[in-house]
Amino acid sequence: MAGGLEPHLEALRRELHGPAVLSVLVALIAVVITFLIWRFVQGRRSSRKAVLLLGLCDAGKTLLFARLLSGRYRDTQTSITDSSALYRVSQDKSTNVTLIDLPGHESLRLQFLERFKAAARAIVFVVDSVAFQREVKDVAEFLYQVLVDSTVLRNAPPLLIACNKQDVTMAKSAKLIQQQLEKELNTLRVTRSAAPTSLDGSATGGPAQLGKKGKDFDFSQLPMKVEFVECSARGSKGEEGEADLEGLEKWLVKVA
């Protein structure tokens, strides 16, 4: 009986060691590895629940923060610390993020960014559309520091440039702000890429390269998705009116 089964067992062993079975095993291993990587990435993303509000002083971040949470106007002053609160992005009570309003003062903003950047699910960079023309270099400088940060580059959180104060007649459009920022960031990239070298001729380790080398910078070259939206935290009727935050609110629903 045993002798009769031996040829069949030998044939089965040859089949199991054949190229077809090997191909199936390799494919299964590849699927398992891909699934594990996907779970790891999703787990890291789900652990980041903060939406950071960044920008220069007087860009309107704190009023934007208050409007998103309560819908009401309130007088604000320059922040010297962070403010955070849970924000429900839709009627679904289980869908929420933590909004964190960070100080925009030059001596504080990078310190607070350092503290919260690892928790960022997404970033809202608020721009004063009225003062933009005279502040463009400062805005670009801060945005550059955010974009070349190693943690921000690694996590690649979605970025929204919120062009605030659109209720004012002299406000610049989102399209013009995007074009001017790309131009200024390109200039910054060129000047910063000329990093000093040590005595032996090796680079001293400057910030990461912004965008694609050899090409003029534009936001599509970044690892994160960048969008622009026009908004008004104050609203066209001032304190008595409603804010115009529809584009921002829709974006928050997408990234939550």
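Scroll up for the structure.
Residues numbered from 1 in each chain as written. Predicted model: local features only at pLDDT ≥ 70, side-chain atom pairs only at ≥ 80, totals over all residues. Heavy atoms only, no water.

Novice: Please set out unusual backbone geometry residue by residue, giving values where relevant.
Specialist: The phi dihedral of Ala156 is positive, around 50°, even though this residue is not glycine. In this structure, Ala156 sits in the loop between α6 (150–155) and β5 (159–164). Take Ala156: its relative accessible area is 22%, and that puts it in the partly exposed class. Positioned with a positive phi, Lys165 is a non-glycine residue whose angle comes to about 65°. Checked against the element boundaries, Lys165 lands in the loop between β5 and α7 (174–193). Owing to a relative accessible area of 24%, Lys165 belongs among the partly exposed residues under this scheme. (Helix = DSSP H or I, 4+ residues; strand = E, 2+ residues; numbered from the N terminus. Buried < 20%, exposed > 50% of the residue type's maximum accessible area, 1.4 Å probe, protein only.)

Novice: Describe the state of the cysteines, listing the residues and the values that go with them.
Specialist: By the definition in use, this model includes zero disulfides. In this structure Cys231 is not part of a disulfide, and its nearest cysteine sulfur, from Cys163, lies 7.3 Å away. On the accessibility criterion, Cys231 (1% relative accessible area) is buried. (Disulfide = S-S within 2.5 Å.)

Novice: Quick rundown of the packing of aromatic side chains? Include the residues and the values.
Specialist: Applying the stated rule across the entire model yields three aromatic pairs. Note on Phe217 and Phe219: the rings are 5.4 Å apart at their centroids and 75° apart in plane angle, and the pair reads as edge-to-face. For Phe219, a relative accessible area of 4% translates into the label buried. Geometrically, the ring pair formed by Phe219 and Phe228 is edge-to-face, given 5.3 Å between the ring centres and 70° between the ring planes. (Phe/Tyr/Trp six-rings, centres within 6.5 Å; stacked < 30°, edge-to-face > 60°.)

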